[in-house]
Amino acid sequence: MATIKDDWFGKKARIVAVNDKTFTGAITDITGKEDNIETNKDSLTLYDGTDYIFISDDEIKEIEILG
């Protein structure tokens, strides 16, 4: 599980999920667990150029901020 940081907003990232799928794109949204009624987990939304991908902190195995 990764700790999601607010200063990642707007940055490009490469995320490896716990199922070993890799996603690369821009972080377009960060939501704290107190505002995430559905999951009660910190999460982020990644835009890969085609789709918006919602990822909770417990689904992230590894994250690399690319810029």
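Scroll up for the structure.
Structure report, in brief. The shown structure was predicted, so the numbers you read here are calculated from the model rather than taken from an experiment. (Residues numbered from 1 in each chain as written. Predicted model: local features only at pLDDT ≥ 70, side-chain atom pairs only at ≥ 80, totals over all residues. Heavy atoms only, no water.)

A word on the nonpolar core. Counting residues in hydrophobic clusters, the biggest one holds 11 residues: A2, I4, W8, A13, I15, I27, L44, L46, I53, I55 and I60. For this core, the secondary-structure elements that each account for two or more residues are β1 (12-17), β3 (43-47) and β4 (52-56). Once you skip the residues sitting within four places of it in the chain, I55 turns out to touch I4, I15, F23, D42, S43, L44 and I60. (Core = buried A, V, L, I, M, F, W, Y, C linked by side-chain atoms within 4.5 Å. Buried < 20%, exposed > 50% of the residue type's maximum accessible area, 1.4 Å probe, protein only. Helix = DSSP H or I, 4+ residues; strand = E, 2+ residues; numbered from the N terminus. Contact = heavy atoms within 4.5 Å.)

Let us look at the sheet that holds β4. Sheet architecture is open: 5 strands sit in the order β4-β3-β2-β1-β5, paired in antiparallel fashion. Pairing within the sheet leaves two strands with one partner each, and these edge strands are β4 and β5 (60-65). For this sheet, the mean inter-axis angle between neighbouring strands, taken without regard to orientation, is 40°. Taken together, the 5 bridges between β1 and strand β2 (residues 22-31) define a ladder with antiparallel strand orientation. Note on β2: the bridge partner recorded for I15 is F23. (Pairing = 2+ DSSP bridges. Axes fitted to C-alpha atoms, helices over the stretch in contact; angles between N-to-C directions.)

Keep in mind that these numbers describe shape and distance, not what the molecule does.
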